[in-house]
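Notes for the structure review
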Amino acid sequence: MTKKDNQKTTTSNKQRLKKTVHELKDKVLEKADKISKRNNIQLIVFNEQSIQEDILREAKVLKKSTKTVEIFAPKVAKEVGKWANKRAAVTVGDIDRRIAREIERYDIDLAYVFGNRGKII
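Residues numbered from 1 in each chain as written. Predicted model: local features only at pLDDT ≥ 70, side-chain atom pairs only at ≥ 80, totals over all residues. Heavy atoms only, no water.

Let's talk about the nonpolar core
Ranked by internal contacts, the top residues of the largest apolar core, which has 18 residues, are Ile55, Ile99 and Ile103. Elements with a minimum of two residues in this core: α2 (48-61), α3 (66-85), α4 (92-103) and α5 (108-115). Looking at this core element by element, the count peaks at 8 residues for α3. Aside from chain neighbours lying at most four places away, what touches isoleucine 55 is Val69, Phe72, Ala73, Val76, Ile99, Ile103, Leu110 and Phe114. (Core = buried A, V, L, I, M, F, W, Y, C linked by side-chain atoms within 4.5 Å. Buried < 20%, exposed > 50% of the residue type's maximum accessible area, 1.4 Å probe, protein only. Helix = DSSP H or I, 4+ residues; strand = E, 2+ residues; numbered from the N terminus. Contact = heavy atoms within 4.5 Å.)

Here is the structure:
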């Protein structure tokens, strides 16, 4: 087998693997969709960018300096992302509590808001 043939084989194997991964992902999402419709569950895909936007939005509501929040929001999102990636499934409440725990290092008032999200304060 020549070097060129070996490269073609490797490339075709990578393409098949990508196709297989996409097919599996589609099947999993389809199965999850069926389960969620049956059990009235809403699935939300975790996104660090949306966490940063939530933090900034809540900071603006509390009239906090957006400059300081922009500094620690990516750090908080990254830590929550690491935590969430270790789990198979988490609830929105779990994520909010984890965000509150991480934000508590930087701003107690903002942490309180995230810790009591969905509750009457």
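Details of the environment of alanine 111
Looking at where alanine 111 falls in the secondary structure, it is placed in helix α5. Along the chain, alanine 111 and isoleucine 99 lie 12 residues apart, while their C-alpha atoms are 7.5 Å from each other. Aside from chain neighbours lying at most four places away, what touches alanine 111 is Ala100, Ile103 and Glu104.

A word on unusual backbone geometry
Phi is positive for lysine 63, which is not a glycine, with a value near 60°. Turning to its location among the elements, lysine 63 is positioned in the loop between α2 and α3.

As for the pattern of salt bridges
This model, assessed by the stated rule, comprises 7 salt bridges. Linked through salt bridges whose partners overlap, the residues forming this network are Lys64, Asp107 and Asp109. (Salt bridge = Lys/Arg side-chain N within 4 Å of Asp/Glu carboxyl O.)

Some remarks on α5
Considered for burial, the residues of α5 that qualify are Leu110, Ala111, Val113 and Phe114. For α5, the buried positions fall inside an angular range of 160° around the axis, keeping them on one side. (Arc of directions from axis to C-beta.)

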